[in-house]
Amino acid sequence: MKGKRDTWSAMKSRRGARWGVAVLATVCGVALLSDFIASDKPILARIDGKLYVLPNLFTPVGLRPYTINTLIERMGKTDWLIAPLVSWGANEQDKGTAPLAPPSSRHWLGTDTARRDVLARMVHGSRVSLLVGLASVSIFITIGTLLGLLAGFFGGWVDVIVSRTVETVMTIPVFFLILAVMGIIESAGIGTMMVVIGLVYWTRVARLVRVETLKLRQLGFIEAATALGYSNRRILLVHILPNALGPILVAATFGVAASIMMEASLSFLGFGTPDATASWGGLLRGAMGNFHAWWLILFPGLAVFATVTSCNVLGEAMRDSFDPHLRHEVE
Amino acid sequence: MRFLVGRRLLQLVPTFLGVTLLTFFLLRLAPGAPSLVGDDGIVTPAVQASLEAWRELKGLNQPLWAQYINWLSRFVRFDFGSSLIDERPVRTLIVEALPRTLVLTVLALIFTYTLSIPLGIHSAIHRGQRSDRIISGVLFILYSMPSFWVALLLVVVLGGGAWFDLFPIVGLRSSNMEGAGFFVRSIDLIWHLVLPVFCLTYPSLARTSRFQRSAMLDVIRQDYIRTARAKGLTERTVILRHALKNSLLPILTLLSTDLPWILGGSVIVERIFAIRGMGMLTFEAILRRDYPVIMGVTSLVAILTMVGVLLGDLAYAWIDPRIRFERTQG
């Protein structure tokens, strides 16, 4: 086992990994601060002598009917406001612009079919991608780790049941199944998507953890722990799990990429986010049939691509640094 | 060997039951039901009554397990039921859609393997050198590009979206091809195939060439290759005559995992290029909650997945006698 510091320095030395971290940090930042980057309400404003603090977050009653543009029109001499970088809301329809307008100084990345600002929707869409990515990964890592630990440690009929279930779920055409469940559930949204992806993708993790546990179980320190009379729970959680954490972390990183890709595909096909929720895949869906609207395709797709690539690069770097033997080999 | 095949075939039965049970109940327990109500959503008593009669007729009112048994007993006799929407047999729908998907996926498969095998071998021979790094890097980037994004970009740039109008983007045949000769029709088909086949090919290049690369590396490290080099053979002879054949064996097993994909096709690519293949068939069935069609396609693809895994294992056992021995013993 290598020390943590070695692992980190091996990872950081790869240029790709640094880029990956930088891109992911940016996306996370944008997702966290999306209301400060793109909103139809100002960050700070003084209207009719009244000071509004963070109306972009709390939307006070007095400002509810207004957007930044209508506010600017009715501002008096002593009024002022600080607008976010992109002064459009994710669902704000700009009546002054045509639907599917190309990028301009008014809408930097153009508008979609409902006259909404593409950049604003992309900024808010980052939340959906990250949320679905992280939540479904947490779900399937938990399920997979738990079942893998149990199967690997106890063996016998527990192992048989888990392994058979893994085999069965792996046989299901996953994309069809997710699509079907998302299509048939009437009120399917982001939550459903996370759960469905989480419930389907756990098999690889379970296999991985099972093998890892089998390997670890035969080592001397586990035997020692058993001899000391430690409970199975303690051995599993304190002695085996931490040593299997490396591969789990690698799987999680690749999993985030896969889940984000799946979310975008589902939303693109119309089975993901509802229209009111901005998402990258949803923006691309708007381009179906409007193939001249290159801005509706290029930019959101680029966001998906950058995020997915970063996760994959990071996953590769982690795998290489955790286990040099695996370098450049197929999983 | 025969014993191994028999046992594995028997093992497929519970897996198949598990898959179909899971799919069936997931589909049917999910809230939402097929309905004959139009977009206006008004359910008049008359509509309600006829809907009830229709559900009764289709057996949708029976208990779920009875419906499952019913479905299963017909499925094993190759009767997949008929569509709830247009009453046509699911088998006919599949037979109609399958050739369109097969053209796409088989071509994509051929391109994938003819491109990635040489690329993988090249990378293995020039391991760690610049060309290896460039190939790996480019393929890795391609692999991370969402196929719907690439497909849409191709349509925008080459399919008459915003720039060049070089390739058709709807279906697999032009509308004016009725009286055309075989040659013209073939050219037309190829024309329609270029973009979708590209979109199906590029994402799998990375996986396949990596697989070939590591297979080749494994072979190159073997003693007999060292012997071949030691007796003064040229590097070319060593690679092509001695290493190549053995490095190709593992990739045979990779082929078997592609089996379900060959028939299932890609929903996304078929949707973007309006090709009415298996992916679109499923997509539309899901939109309309057409359970028999969804079940039919999913079960078929599941069977192929199992057959693929089995074939892969058998190929391995056939290639490598050590595995055969172990399995029969264990």
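Since we're looking at a predicted model, the values are computed, not measured. (Residues numbered from 1 in each chain as written. Chains lettered and ligands numbered in written order. Predicted model: local features only at pLDDT ≥ 70, side-chain atom pairs only at ≥ 80, totals over all residues. Heavy atoms only, no water.)

### Comments concerning the overall build of chain B
Part 1 of the reasoning: When helices and strands are tallied, chain B shows 14 helices and zero strands.
Part 2 of the reasoning: Each helix and strand of chain B, placed in order from N terminus to C terminus, yields the pattern α-α-α-α-α-α-α-α-α-α-α-α-α-α.
Part 3 of the reasoning: Projected onto its principal axes, the C-alpha positions of chain B cover 90 × 60 × 40 Å.
Part 4 of the reasoning: For chain B, the residues scored as buried account for 45% of the 330 residues in total. (Helix = DSSP H or I, 4+ residues; strand = E, 2+ residues; numbered from the N terminus. Buried < 20%, exposed > 50% of the residue type's maximum accessible area, 1.4 Å probe, protein only.)

### Some points on the environment of Ser 129 of chain A
All names here are of chain A.
Part 1 of the reasoning: Checked against the element boundaries, Ser 129 lands in helix α6 (residues 118–154).
Part 2 of the reasoning: The spatial distance from the C-alpha of Ser 129 to the C-alpha of Met 193 is 11 Å, given a sequence separation of 64 residues.
Part 3 of the reasoning: Those residues in contact with Ser 129 that sit more than four places away from it in its chain are Ile 260, Glu 263 and Trp 280. (Contact = heavy atoms within 4.5 Å.)

### Some thoughts on the domain arrangement of chain A
Often, the extent of an interface is quoted as the loss of accessible area on bringing the components together.
Part 1 of the reasoning: Taken domain by domain, chain A comprises domain 1 (2–34 + 120–330) and domain 2 (40–83).
Part 2 of the reasoning: Taking only C-alpha atoms, the centre of domain 1 of chain A and the centre of domain 2 of chain A are 41 Å apart. (Domains from an automatic or database assignment.)

### Examining the confidence of the model for chain A
Residues and elements named next belong to chain A.
Part 1 of the reasoning: Residues with a pLDDT of 70 or more make up 93% of chain A, whose mean pLDDT is 86.
Part 2 of the reasoning: Within chain A, no element has a lower average pLDDT than helix α1 (residues 4–12), which sits at 59, and none a higher one than α6, at 94.
Part 3 of the reasoning: For residues 327–331, every residue scores under 50 in pLDDT, and the model assigns this stretch eleven contacts once sequence neighbours within four places are set aside. (pLDDT = per-residue confidence, 0-100.)

### Here's the deal with the nonpolar core
Part 1 of the reasoning: Among the nonpolar cores identified, the biggest contains 151 residues, and Ile 272 and Phe 273 of chain B are the most heavily contacted of them.
Part 2 of the reasoning: Ranked by residues supplied to this core, first place goes to helix α12 (residues 232–269) of chain A with 15 residues.
Part 3 of the reasoning: Setting aside its immediate chain neighbours within four residues, Ile 272 of chain B contacts Phe 268 and Met 288 of chain A together with Phe 148, Ala 151, Leu 152, Val 155 and Ile 169 of chain B. (Core = buried A, V, L, I, M, F, W, Y, C linked by side-chain atoms within 4.5 Å.)

### Let's talk about the side chain of Arg 28 of chain B
Residues and elements named next belong to chain B.
Part 1 of the reasoning: By secondary structure assignment, the location of Arg 28 is in helix α1 (residues 2–29).
Part 2 of the reasoning: Lacking a salt bridge, the buried Arg 28 has Asp 290 as its closest oppositely charged neighbour, with an N-O distance of 10 Å.
Part 3 of the reasoning: Other than its neighbours up to four places away in sequence, Arg 28 contacts Leu 60, Leu 64, Gln 67 and Tyr 291. (Lys, Arg positive; Asp, Glu negative; His and termini not counted. Salt bridge = Lys/Arg side-chain N within 4 Å of Asp/Glu carboxyl O.)

### Observations regarding helix α12 (residues 278–287) of chain B
Part 1 of the reasoning: Of all ten residues in α12 of chain B, nine are buried, a share of seventy percent or more.
Part 2 of the reasoning: All buried positions along α12 of chain B are accounted for by Met 278, Gly 279, Met 280, Leu 281, Thr 282, Phe 283, Glu 284, Ala 285 and Ile 286 of chain B.
Part 3 of the reasoning: Residues of α12 of chain B that are buried in the fold lie against α8 (174–184) and α12 of chain A together with α4 (90–125), α10 (259–264), α11 (267–272) and α13 (291–319) of chain B.
Part 4 of the reasoning: Positive phi shows up at Arg 289 of chain B, right after α12 of chain B, with a value of about 55 degrees.

### Things to note about the interface of chain B and chain A
Part 1 of the reasoning: Contact with chain B, which involves 52 residues of that partner, is made by 43 residues of chain A.
Part 2 of the reasoning: In total, about 4,300 Å² of surface goes out of reach between chain B and chain A, with carbon and sulfur atoms giving 78% of it.
Part 3 of the reasoning: Our enumeration of links across chain B and chain A arrives at one salt bridge.
Part 4 of the reasoning: Between Arg 210 of chain B and Glu 316 of chain A there is a salt bridge whose closest N-O contact spans 2.9 Å.
Part 5 of the reasoning: At the boundary of chain B and chain A, one finds five residue pairs in polar contact (both at pLDDT 80 or more).
Part 6 of the reasoning: Breaking the side of chain B that touches chain A down by element, the ones donating at least two residues are α1, α5 (130–144), α6 (147–158), α7 (182–220), α11, α12 and α13 of chain B.
Part 7 of the reasoning: The element contributing the most residues to the side of chain B that touches chain A is α1 of chain B, with nine residues.
Part 8 of the reasoning: By residue class, the composition of the side of chain B that touches chain A is 35 nonpolar, twelve polar and five charged. (Buried area = accessible area lost by both parts, 1.4 Å probe. Polar contact = N/O pair within 3.5 Å; in protein donor to acceptor, adjacent residues only side chain to side chain. Nonpolar A, V, L, I, M, F, W, Y, C, P; charged D, E, K, R; others polar.)

### What about the pattern of salt bridges?
All names here are of chain A.
Part 1 of the reasoning: Applying the stated criterion across every chain, the model contains 19 salt bridges over all chains.
Part 2 of the reasoning: A salt bridge links Glu 167 to Arg 164, with the shortest nitrogen-to-oxygen separation between them at 3.3 Å. Separated by three residues within a single helix, Glu 167 and Arg 164 lie in helix α7 (residues 156–171), roughly one turn from each other.
Part 3 of the reasoning: Of the residues examined, Arg 164 reaches a relative accessible area of 27% and is grouped as partly exposed.

### Focus: the packing of aromatic side chains
Part 1 of the reasoning: By the definition in use, this model includes 18 aromatic pairs over all chains.
Part 2 of the reasoning: Taken together, a centroid distance of 5.2 Å and an interplanar angle of 10 degrees make the contact between Phe 268 of chain A and Phe 148 of chain B stacked. With Phe 268 of chain A in helix α12 and Phe 148 of chain B in helix α6, this pair bridges two chains.
Part 3 of the reasoning: According to the relative accessible area criterion, Phe 268 of chain A is buried, its value standing at 1%.
Part 4 of the reasoning: Note on Phe 25 of chain B and Tyr 68 of chain B: the rings are 6.3 Å apart at their centroids and 50 degrees apart in plane angle, and the pair reads as tilted. Residue Phe 25 of chain B is located in helix α1, and its partner Tyr 68 of chain B is located in helix α3 (residues 64–75); the two are separated by 43 residues in the primary sequence.
Part 5 of the reasoning: For Tyr 68 of chain B, a relative accessible area of 6% corresponds to the buried category.
Part 6 of the reasoning: Connected via pairs of aromatic rings, a cluster forms that spans Phe 16, Phe 24, Phe 25, Tyr 68, Trp 71, Phe 75 and Phe 80 of chain B.
Part 7 of the reasoning: For the cation-ring pair, Arg 234 of chain A lies above Tyr 230 of chain A, with the distance from its terminal atom to the ring centre recorded as 3.8 Å. (Phe/Tyr/Trp six-rings, centres within 6.5 Å; stacked < 30°, edge-to-face > 60°. Lys NZ or Arg CZ within 6 Å of the ring centre and 35° of its normal.)

### Brief notes about the side chain of Ser 259 of chain A
Part 1 of the reasoning: Tracing the chain through its elements places Ser 259 of chain A in helix α12.
Part 2 of the reasoning: Among all residues touching Ser 259 of chain A, those that are not within four sequence positions of it are Val 132, Gly 133, Ser 136, Val 137, Phe 140, Ile 197 and Tyr 201 of chain A.

### Observations regarding the sheet that holds strand β2 (residues 50–53) of chain A
Residue and element names in this part refer to chain A.
Part 1 of the reasoning: The strand order β2-β1-β3 describes an open sheet built from three strands, whose pairing is antiparallel. If you trace the sheet from one side to the other, it starts and ends with β2 and β3 (80–82), each paired once. Recorded for the sheet is a direction-independent mean angle of 15 degrees between the axes of neighbouring strands.
Part 2 of the reasoning: The pairing of strand β1 (residues 44–47) with β2 spans four bridges and is classified as antiparallel. Each residue of the ladder has a partner; that of Leu 44, found in β2, is Val 53. (Pairing = 2+ DSSP bridges. Axes fitted to C-alpha atoms, helices over the stretch in contact; angles between N-to-C directions.)

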